[in-house]
Amino acid sequence: MSNDEFRIDSHKLLFHPQRVANWMNGENIYPLYMELSPAGACNHRCRFCGLDFAGYKPVFMDGEKLGVRLDEMGKLGVKSIMYAGEGEPFLNKKMTDIILRTKNAGIDVALTTNGVLMTPEISEKILKAMSWIKVSLNAGTPETYAKIHGTDSADFEKVMKNLEAAVAIRKKLNANCALGAQILLLPENSGEIETLAVRCRDIGLDYLVVKPYSHHPQSEGQEYADIVYEDYTELAAKVNSYSTEYFNVVFRLDSMKSWDEKKHTYNRCHALPFWSYVDSYGNIWGCSVYLQDERFLYGNVFEQSFEDIWTGEKRAESMKWCADNLDPHNCRVNCRMDKINTYLWELVNPKAHVNFI
């Protein structure tokens, strides 16, 4: 059995009809969702990293300055923030404070991390404030983990112990934070996914996501650019069999098919108004695929208010350029907004007979 209850291989924009309606009416809406990078540095050097071109620089967001913007974002209608980005979030020594400030601003908080630094002490402080935490865990054994993550093999068990502790702390605190792991399906870890699924299930995680590689156009690494997923259908059935009433395997076959086919069903990116990316310097970008491309830079949250940036001239110019010129067929396959773009394209360009419900 497999139950994608969190719609990880789908999208959730259909739960925000008013914001979508406002957008379709031509209003300048505020984003529902944002991704922020609290740290530029990383303690791993994953072989598949899509943001290696950013250079893993030791740049860390100022928690106090960010807090002022978080309060503003919450009031303007931002609903959720995921902390991830160019580096490892927990390398920012103020990460706990940032999470709590985000929640206090009325914004739902999530986190993608490698989990090495997510100690029980940190879990005690943050779990009540979190909507979900997803740990990048790309192997089922310490040896393969070390090779793929570019780190010491001892980190594998550190992560497992931190996750086991988080599950116990969540129960103690009666917190609602979903705890999961994700693995990129790669040739060298495909034989360990069943092992990882059992381990994740046994320590009490809610889910394991098995996802395809997605090549960032600016990435320096080319090792997996030609990977093909059509041969993994049988593996999906095997891994899905480890799902239970309390643990789900989300094997992203639809996204794997999209990777193999290398095509989109939409001809324009309509998702840009609904989200944005903030790098570790505080720069707001229209899309994480186009980091360092000035045409997608809206402004900096440490230099301007969020309202001024979102309603400003630079963003308006960027949106116009994208509407006239951006061809998503040249973008990253399986980008974060892929499913949303498919949905929005069909809303704007409906097929015949849509009134026959």
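All residue numbers refer to position in the chain's written sequence, counted from 1. Only residues with pLDDT of at least 70 are given local features in this predicted model, and only at 80 or more are side-chain atom pairs given and counted; all residues enter the totals for whole chains, interfaces and linings. Excluded from the side-chain calculation are hydrogens and water; included are all heavy atoms of the structure.

Enquirer: Got a minute to help me understand the overall build of the chain in this structure?
Expert: Only DSSP runs of H or I with at least four residues qualify as helices, and only runs of E with at least two residues qualify as strands; both kinds are numbered from the N terminus onward. A count of helical and extended segments in the chain gives 12 helices and 10 strands. Since a compact globule built from 357 residues should have a radius of gyration of about 21 Å, the 20 Å found for the chain is in line with a globular shape. Expressed as lengths along the three principal axes of its C-alpha atoms, the size of the chain is roughly 50 × 50 × 40 Å. Residues classed as buried in the chain amount to 57% of the 357 residues present. Here the analysis covers contacts within the chain between residues at least 6 apart in sequence; of these, 74% occur between residues at least 24 apart. Total accessible area on the chain stands at roughly 16300 Å², and carbon and sulfur atoms take up 50% of it. His is not counted here, nor are the chain ends, while Lys and Arg score as positive and Asp and Glu score as negative. A single reference atom marks each charge: NZ on Lys, CZ on Arg, CG on Asp, CD on Glu. Side chains of the chain carry 40 positive and 48 negative charges; the gap between the two charge centres is 3 Å. Radius of gyration: over C-alpha atoms. The globule rule applied is 2.2 Å multiplied by the number of residues raised to the 0.38 power. Exposed residues in this analysis have more than 50% of their type's maximum accessible area, buried residues have under 20%, and partly exposed residues fall in between, with area computed by a 1.4 Å probe over protein chains only. Any two residues whose heavy atoms approach within 4.5 Å at even a single point are treated as in contact. Note on areas: these come from Shrake-Rupley sampling with a 1.4 Å probe, and a residue is covered only by the protein chains present in the view.

Enquirer: Would you mind showing me how to read the nonpolar core here?
Expert: Note that soluble globular proteins tend to have their nonpolar side chains buried in a common cluster. Remark: nonpolar core denotes a set of buried residues (Ala, Val, Leu, Ile, Met, Phe, Trp, Tyr, Cys) joined through side-chain atoms within 4.5 Å. The biggest cluster of nonpolar side chains holds 109 residues, and the ones touching the most others in it are Tyr83, Ile133, Leu137 and Val210. It is helix α6 (residues 154-173) that provides the largest number of residues to this core, a total of seven residues. Those residues in contact with Val210 that lie beyond four places of it in its chain are Ile183, Leu185, Ile193, Val239, Val249, Val250, Phe251, Arg252 and Met256. Grouped together as the second largest cluster of nonpolar side chains are five residues, Ile8, Tyr207, Val209 and Val250 included.

Enquirer: I tried to follow the state of the cysteines on my own but got confused; where do I start?
Expert: Disulfide: a covalent bond connecting the sulfur atoms of a pair of cysteines. Cysteine sulfur pairs qualify as disulfides if the two atoms are within 2.5 Å. Per the stated rule, a full pass over the model turns up zero disulfides. Free of any disulfide, Cys46 has its nearest cysteine sulfur in Cys42, 6.2 Å distant. The exposure class of Cys46 is buried, given its relative accessible area of 17%. Note on Cys335: no disulfide assigned, nearest cysteine sulfur contributed by Cys287 at a separation of 6.1 Å.

Enquirer: For this particular structure, what's the right way to read the packing of helix α7 (residues 193-203) against helix α8 (residues 233-240)?
Expert: For any two helices packed against each other, the geometry is given by the interaxial angle and the distance between the axes. Orientation is described by axes fitted as lines to C-alpha atoms, over the contacting stretch for helices, and by angles from 0 to 180 degrees between their N-to-C directions. Contact pair α7 / α8: the axes reach a minimum separation of 10 Å and the direction vectors enclose 20°. Comparing their axes, α8 and α7 come out roughly parallel. The hand of the α7/α8 crossing is right-handed. Contacts between α7 and α8 involve Ile193, Glu194 and Ala197 from the former and Leu235, Lys238 and Val239 from the latter. Reported orientations rely on four angle classes, namely roughly parallel under 35 degrees, roughly antiparallel over 145, roughly perpendicular from 65 to 115, and oblique for the rest. Note on convention: the crossing is left-handed when the near helix lies turned anticlockwise from the far helix by less than a right angle, right-handed when the turn is clockwise.

Enquirer: Would you take a moment to explain the sheet that holds strand β2 (residues 80-83) for this structure?
Expert: Backbone hydrogen bonds hold the strands of a sheet together, and the pairing may be parallel or antiparallel. One open sheet accounts for 10 strands, arranged β7-β6-β5-β4-β3-β2-β1-β8-β9-β10; its pairing is mixed. A strand with exactly one partner marks an edge of an open sheet, and here the two such strands are β7 (248-251) and β10 (297-300). Strand-to-strand, the axes of this sheet are offset by a mean angle of 20°, without reference to chain direction. Pairing geometry for strand β1 (residues 33-36) and strand β8 (residues 275-278), over four bridges, is parallel. Paired with Met34 across the bridge in β8 is Ser276. Those strands touched by helix α3 (residues 95-104) are β2, β3 (108-113) and β4 (130-136), and its axis lies near 150° from that of β3. By this definition, two strands are paired if DSSP reports at least two bridges between them.

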